[in-house]
Amino acid sequence: MEETEISHFLHILVRMGEALQNSGAEVFRVEDTLNRIAIAYGAEDVNVFVITSSIVVTLTMPSLPPQTETRRLRHAASNDLLTLEKLNALSRRICTAPPSIEEFQRQLNAILAQHPDPRLHLAGSVLAASSFAIFFGGNLWDGLLAGGIAVLICWMERYLSPFCMNGVEFQFIASFLSGVSTLLLCRFGMQFHADKVLIGIIMLLIPGIMLTNSIRDILLGDIISGSLRLVEAILMAATLALGMMAAIWLMGGISACYRFFCCCLSILQVFSQLLSAALGSVGFGLIFNLNRRYLPAAGVGGLLAWLAYLLAANTLHSVFLANLLAGFCAALYAEILARCCNAPSTPFFITAAIPLIPGSTLYYCMNAVVSN
């Protein structure tokens, strides 16, 4: 091979690794496959380093200096087992009888041009959610409702997921909306069992394969990749749990929130607090030189953040969790506005989070220290 051909081959090789990774292959499989293909094409030395977010390949061909290519993996790995099987079959054919580089690229392009049928994905989601709802003790009605919620999840995966920053954000939104929808529908039908339906839905969202691959990577010696996948799987599972818990708290805490506003605070006091939070956020927007056309948005953000805090504090009876959820609401509000206004999210988040700063707590702490 000439030096230009090696560069072309290296590019195709890295693309092959990316396709394997995005199809759900283990790190060991990706590294081993790329090594074997490179050796089949006559490489003297091959060094492949793969983690969940990056691929680095260094190739040394006879009588030529080493060449390196790095690719950043920005898309979360999916589980396309048919594509994984075809890529594996292609690598076996190459190792048996290496074709030309152009033929290698043509066959790889042909595999990557084929996409899963969304109708099959929808059917599988409905079938899986319905089956597991019944499997864990639900009745036929529970299975039908779980299948209906699975359609909602598929719709969110197709139309909502592209607008989310990452899988964690989508995981929370999908679990929260599906949980709220399930609990609302279960209130209208006595034959439904919300816990069985929610279990069937959780089976669609839980990162079980990601967790399994992380353990396999660790056992095969890929500690970095396995640890990254393990942390990601735990984070996704925790986000799924938070989304479901938020839905349950919201639906179960409506009456508690009503008693809270009736017994602990009068309507006037609540209105006064919300208005003060909004005006305080606008004031800090002026202090921080916020674009003046965004000042109303800053006020609305402060109001929403404090409203979320009041609701969460009464429902959860935990200052820490209330601040955490209120901060999440402020961050979500900021991200939505950033996309609507084509502006950074930081100004919206900072002004919205102003009411959550523990100024009164700090004062009472200092007062208690001075008073012994």
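Calculation notes
Residues numbered from 1 in each chain as written. Predicted model: local features only at pLDDT ≥ 70, side-chain atom pairs only at ≥ 80, totals over all residues. Heavy atoms only, no water. Buried < 20%, exposed > 50% of the residue type's maximum accessible area, 1.4 Å probe, protein only. Helix = DSSP H or I, 4+ residues; strand = E, 2+ residues; numbered from the N terminus. Pairing = 2+ DSSP bridges. Contact = heavy atoms within 4.5 Å. Phe/Tyr/Trp six-rings, centres within 6.5 Å; stacked < 30°, edge-to-face > 60°. Core = buried A, V, L, I, M, F, W, Y, C linked by side-chain atoms within 4.5 Å. Patch = residues over 30% accessible without salt bridge, like charges linked within 9 Å, V, L, I, M, F, W, Y side chains within 5 Å. Areas by Shrake-Rupley, 256 points an atom, 1.4 Å probe, with all protein chains shown as cover. Salt bridge = Lys/Arg side-chain N within 4 Å of Asp/Glu carboxyl O. Axes fitted to C-alpha atoms, helices over the stretch in contact; angles between N-to-C directions. Parallel < 35°, antiparallel > 145°, perpendicular 65-115°, else oblique. Left-handed = near helix turned anticlockwise from the far one by under 90°. Nonpolar A, V, L, I, M, F, W, Y, C, P; charged D, E, K, R; others polar.

K.L.:
Can you explain the pairing of strand β3 (residues 67-72)? Please cite residues and give values.
P.N.:
Each regular strand carries side chains that alternate between the two faces of the sheet. With burial as the criterion, only one face of β3 is covered, namely that bearing Gln67, Glu69 and Arg71; the residues Thr68, Thr70 and Arg72 on the opposite face remain uncovered. Where strand β2 (residues 54-60) meets β3, six bridges bridge the pair, whose relative direction is antiparallel. From the neighbouring strand, threonine 58 faces β3, where its bridge partner is threonine 68. The antiparallel hairpin formed by β2 and β3 contains six residues in its connecting segment, where serine 63 sits at a positive phi of about 65 degrees.

K.L.:
Residue-level account of the side chain of threonine 351, with values.
P.N.:
In this fold, threonine 351 is placed in helix α15 (residues 346-353). According to the relative accessible area criterion, threonine 351 is buried, its value standing at 2%. Those residues in contact with threonine 351 that lie beyond four places of it in its chain are Ser281, Gly285, Leu290, Ala298 and Gly302.

K.L.:
An account of the pairing of strand β1 (residues 45-51) is needed here, citing residue identities and associated values.
P.N.:
Bridge count between β1 and β2: seven bridges; the pairing is antiparallel. Bridge pairing in β2 links valine 48 to valine 57. Hairpin remark: β1 followed by β2, antiparallel, with two residues in the connecting loop.

K.L.:
Break down the packing of aromatic side chains for me, citing the residues and quoting the values.
P.N.:
With the rule as written, the count across this model stands at eight aromatic pairs. Centre to centre, the rings of tryptophan 155 and tyrosine 159 are 5.7 Å apart; their planes meet at 40 degrees, and the pair counts as tilted. With a gap of four residues between them, tryptophan 155 and tyrosine 159 both fall in helix α6 (residues 140-159), about one helical turn apart. With a relative accessible area of 44%, tyrosine 159 lands in the partly exposed category. Linked through ring pairs, Phe9, Tyr41 and Phe104 together constitute an aromatic cluster.

K.L.:
If you had to explain unusual backbone geometry to someone new, which residues and values would you point to?
P.N.:
At serine 63, a residue that is not glycine, the phi angle is positive and equals roughly 65 degrees. Residue position: serine 63 is located in the loop between β2 and β3.

K.L.:
Before we move on, can you summarise the nonpolar core with the specific residues and values?
P.N.:
Judged by nonpolar contacts, the single largest core of 33 residues is most densely connected at Phe9, Met16, Ile37, Val57, Leu59 and Phe104. Sorting the residues of this core by element identifies α1 (3-22), α2 (27-40), β1, β2, α3 (81-96) and α4 (101-112) as the ones contributing at least two each. The element best represented in this core is α1, accounting for nine residues. Within the second largest apolar cluster, 24 residues are counted, among which are Ile153, Met156, Leu198 and Leu240.

K.L.:
An account of a nonpolar patch on the surface is needed here, citing residue identities and associated values.
P.N.:
Taken together, Ile134, Leu140, Trp141 and Leu144 make up a surface patch of nonpolar side chains, about 430 Å² in accessible area. Considering every element that reaches the nonpolar patch, the biggest residue donor is α6, with three residues. Along the chain, the position of tryptophan 141 falls in helix α6.

K.L.:
Tell me about the packing of helix α13 (residues 295-316) against α15, residues and numbers included.
P.N.:
At a minimum axis distance of 7 Å, the contact between α13 and α15 shows a crossing angle of 50 degrees. Taken as axis vectors, α13 and α15 run oblique relative to one another. As for the relative orientation of α13 and α15, their crossing is right-handed in sense. Of α15, the residues touching α13 (which contributes Ala297, Ala298, Gly301, Gly302 and Ala305) are Phe348, Thr351 and Ala352. Partitioning the contact of α13 with α15 into residue classes produces five nonpolar, three polar and no charged.

K.L.:
Quick one: what's the story with the sheet that holds β3, residue by residue and with numbers?
P.N.:
The three strands lie next to each other as β1-β2-β3, forming an open sheet whose pairing is antiparallel. A single partner strand is all that each edge strand has here, and the edge strands are β1 and β3. On average, adjacent strands in this sheet sit at an angle of 5 degrees to one another, irrespective of strand direction. Taken strand by strand, α2 contacts β1 and β2, and its axis lies near 160 degrees from that of β1.

K.L.:
Talk me through the pattern of salt bridges; I want residue IDs and the actual numbers.
P.N.:
Summed over the entire model, instances satisfying the criterion amount to seven salt bridges. In this structure, arginine 71 and glutamate 18 form a salt bridge, with 2.7 Å as the shortest nitrogen-oxygen distance. Within this pair, whereas arginine 71 is found in strand β3, its partner glutamate 18 is found in helix α1, the two being separated by 53 residues in sequence. Glutamate 18 gets classed as buried once you look at its relative accessible area, which sits at 18%. Glutamate 103 serves as the salt-bridge partner of arginine 106, at 2.7 Å between the closest nitrogen and oxygen.

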